[in-house]
Amino acid sequence: MWTIKLLRFNQVPSDFREPFIISGYRSCRSSIATCLLSAVQWTNETVNFWTHFLSFAAFAWMTWGHVRDPHDLADQFTWPFIAFLASSCLYLVASATAHLFNCLSETARHVCFFFDYGAIGLYSLGCSIAYNAYVFPPDLASTALHRVYLPVAVFNGMLCTVLANYSRLVQWEPIRNSGRLLAFLVPYVWCSIPLLYRVILCDSTDCNSDAQLYHIRQFLCALTTALFYATRFPEVLAPGTFDIFGHSHQFFHIGGVLSTYSQYLALSSDMVMRRDYILDVVGMPTLLSTAGAFLAVLVGNLLLIWAFSWHVSKPDVLARLRQQGGGGRPHWQDGCGCRCD
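### Some words on the packing of aromatic side chains
Move 1: Under the criterion given, the structure shown has 21 aromatic pairs.
Move 2: Taking the centre distance of 5.9 Å and the plane angle of 20° together, the rings of Tyr261 and Tyr264 count as stacked. With a gap of three residues between them, Tyr261 and Tyr264 both fall in helix 9 (residues 248-273), about one helical turn apart.
Move 3: Through a chain of ring-to-ring contacts, the aromatic side chains of Phe59, Phe81, Phe84, Tyr91, Tyr123, Tyr261 and Tyr264 assemble into a single cluster.
Move 4: Directly above the aromatic system of Phe16 lies the positively charged group of Arg109, at a separation of 4.8 Å from the ring centroid.

In structure tokens:
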């Protein structure tokens, strides 16, 4: 049976290392076949891949269940929900792909995660499209906040991509992680404003629906996920112990999926139970507020990804990033007879 030679942190370039993860790394010059093989061998990326790939398969199946009926697809009222499902599928498959193929080369690693971050930015917009259509409480419906909510969400969907991608060019770990966390936090906070109002402040009958429990569970999952991401728990307590199983990024993935699934359940309930209120007060979703906004951020993020990918593909940029992260050393050996420079 074929096996992959796994490396320690001091055998891979600095950009390939994760804090407090000592072993289980793949070569930074792996082939596509090696990457595929690594999905069925225990490396420090295997669980990261499967948590999001299996989740993608589940969400793709759920999405198919909602769009296979042409009558349902023709109903404009379902379009924001479909935008949410599409963005969920895209961020899950982009993340799974990035974790599987990020060891092809140093440039490929950057590009893989550029796509990952761009998909997260699009997912923040998908949530905002659905929240804009289904979630706003009566007190905030048709207010100035409601009118600017989606345009700001479109901007945030691309801002997330810019900040997260730029964080890869900053080699000092605290700034790198805090910048990336900020890139994800800003769109999430803006997206959640109407929902926070419903959960915390709203006291009308409409705000006591069954969906509230799912919305609250989504907040708890998201908070837990952010804590794992920010603290690097539990590997920070025992470096090397959780290299393959149980490190923070795996919990980050699981918590993120549970949060997305809670959103799915909550939006499914809101879409059915609040339909009459929404059509009467908010109005029918439009093509511009659903597919228009979605395509604008999709195209914008693809252009941003292209620009960042072109930038990091330049040899002088790669050399500078490598030297910043490698303590001035000119190169690293990957342990398999090839240099990563």
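### Focus: unusual backbone geometry
Move 1: Residue Phe233 is joined to Pro234 through a cis peptide bond whose omega torsion reads 10°.
Move 2: Within the secondary structure layout, Pro234 lies in the loop between helix 8 (211-231) and helix 9.
Move 3: Even without a glycine there, the phi angle at Ser142 is positive, about 65°.
Move 4: Looking at the secondary structure, you find Ser142 in the loop between helix 5 (106-134) and helix 6 (144-167).
Move 5: Its relative accessible area of 42% is what places Ser142 among the partly exposed residues.
Move 6: One non-glycine residue, Arg232, adopts positive backbone phi at about 60°.
Move 7: Residue position: Arg232 is located in the loop between helix 8 and helix 9.

### Here's the deal with the confidence of the model for the protein chain
Detailed reading of predicted coordinates is not advised where the pLDDT is low.
Move 1: Here the protein chain averages 89 in pLDDT, while 91% of its residues score no lower than 70.
Move 2: Predicted confidence is poor over residues 326-341, with pLDDT under 50, and the contacts of this stretch with residues over four places away or in other chains come to 42 contacts.

### Brief notes about the pattern of salt bridges
Move 1: For the structure on display, the rule yields six salt bridges.
Move 2: Note that Glu18 is salt-bridged to Arg232, the shortest N-O span being 3.5 Å. Linking Glu18 in the segment before helix 1 (32-38) with Arg232 in the loop between helix 8 and helix 9, this pair joins segments that are 214 residues apart in sequence.
Move 3: On the basis of relative accessibility, which here comes to 32%, the residue Glu18 falls in the partly exposed class.
Move 4: In this structure Arg232 comes out as buried when scored by relative accessible area, which is 11%.
Move 5: Of the charged contacts, one joins Asp270 and Arg198 as a salt bridge, the two residues approaching to 3.1 Å between their closest N and O atoms. Placement of Asp270 in helix 9 and of Arg198 in helix 7 (residues 173-201) is noted, with a sequence separation of 72 residues between them.
Move 6: Residue Asp270 is classed as buried on the basis of its relative accessible area, which comes to 0%.
Move 7: Salt bridges sharing common partners tie together Asp15, Glu18, Arg109, Arg168 and Arg232.

### So, helix 2 (residues 46-67)
Move 1: Taking 1.5 Å of rise per residue, 22 residues should cover 32 Å, and helix 2 covers 31 Å from first to last C-alpha, within 8% of that figure.
Move 2: Among the residues of helix 2, those classed as buried are Thr46, Val47, Asn48, Phe49, Thr51, His52, Ser55, Phe59, Met62 and Thr63.
Move 3: If you follow the buried residues of helix 2, they end up packed against helix 1, helix 4 (79-101) and helix 9.

### Observations regarding the side chain of Ser269
Move 1: Checked against the element boundaries, Ser269 lands in helix 9.
Move 2: Ignoring anything within four residues of it in the chain, the contact list for Ser269 reads Asp210 and Ala211.

### Points about the environment of Pro239
Move 1: Position of Pro239 among the secondary structure elements: in the loop between helix 8 and helix 9.
Move 2: Each C-alpha atom, one on Pro239 and one on Phe308, is 32 Å from the other, the two residues being 69 residues apart in sequence.
Move 3: Ignoring any residue separated from it by four or fewer positions in sequence, one finds Pro239 in contact with Phe20 and Ile22.

### Overview of a nonpolar patch on the surface
Move 1: Together, Phe20, Phe233, Val236 and Leu237 make up a nonpolar patch on the protein surface, roughly 360 Å² of accessible area in all.
Move 2: For Leu237, the location among the structural elements is in the loop between helix 8 and helix 9.
Move 3: For Leu237, a relative accessible area of 64% gives the class exposed.

### Details of empty space enclosed by the protein
Move 1: Enumeration over the complete set of coordinates arrives at one cavity of 30 Å³ or more.
Move 2: Empty space within the largest cavity amounts to approximately 90 Å³.
Move 3: Taken together, ten residues make up the lining of the largest cavity; nearest its centre are Asp15, Glu106, His110, Leu321 and Arg322.
Move 4: Ranked by residues supplied to the lining of the largest cavity, first place goes to helix 12 (residues 315-325) with three residues.
Move 5: Among the residues making up the lining of the largest cavity, the classes are represented as four nonpolar, three polar and three charged.

### A few points about the packing of helix 8 against helix 9
Move 1: In contact at an axis separation of 8 Å, helix 8 and helix 9 are set at 165° when each is read in the N-to-C sense. One way to sum up the angle between helix 8 and helix 9 is to call them roughly antiparallel. Regarding helix 8 and helix 9, the two cross each other, and that crossing is left-handed.
Move 2: Across the contact of helix 8 with helix 9, the residue classes break down as twelve nonpolar, ten polar and two charged.

Cut-offs used in this document
Residues numbered from 1 in each chain as written. Predicted model: local features only at pLDDT ≥ 70, side-chain atom pairs only at ≥ 80, totals over all residues. Heavy atoms only, no water. Phe/Tyr/Trp six-rings, centres within 6.5 Å; stacked < 30°, edge-to-face > 60°. Helix = DSSP H or I, 4+ residues; strand = E, 2+ residues; numbered from the N terminus. Lys NZ or Arg CZ within 6 Å of the ring centre and 35° of its normal. Buried < 20%, exposed > 50% of the residue type's maximum accessible area, 1.4 Å probe, protein only. pLDDT = per-residue confidence, 0-100. Contact = heavy atoms within 4.5 Å. Salt bridge = Lys/Arg side-chain N within 4 Å of Asp/Glu carboxyl O. Expected span 1.5 Å × (residues − 1). Patch = residues over 30% accessible without salt bridge, like charges linked within 9 Å, V, L, I, M, F, W, Y side chains within 5 Å. Areas by Shrake-Rupley, 256 points an atom, 1.4 Å probe, with all protein chains shown as cover. 1 Å grid on protein atoms, 1.4 Å probe; cavity = no way out; pocket = protein on both sides within 12 Å on 5 of 7 lines; lining within 4 Å. Points joined across faces, edges and corners; volume = space filled by probe spheres on them. Nonpolar A, V, L, I, M, F, W, Y, C, P; charged D, E, K, R; others polar. Axes fitted to C-alpha atoms, helices over the stretch in contact; angles between N-to-C directions. Parallel < 35°, antiparallel > 145°, perpendicular 65-115°, else oblique. Left-handed = near helix turned anticlockwise from the far one by under 90°.

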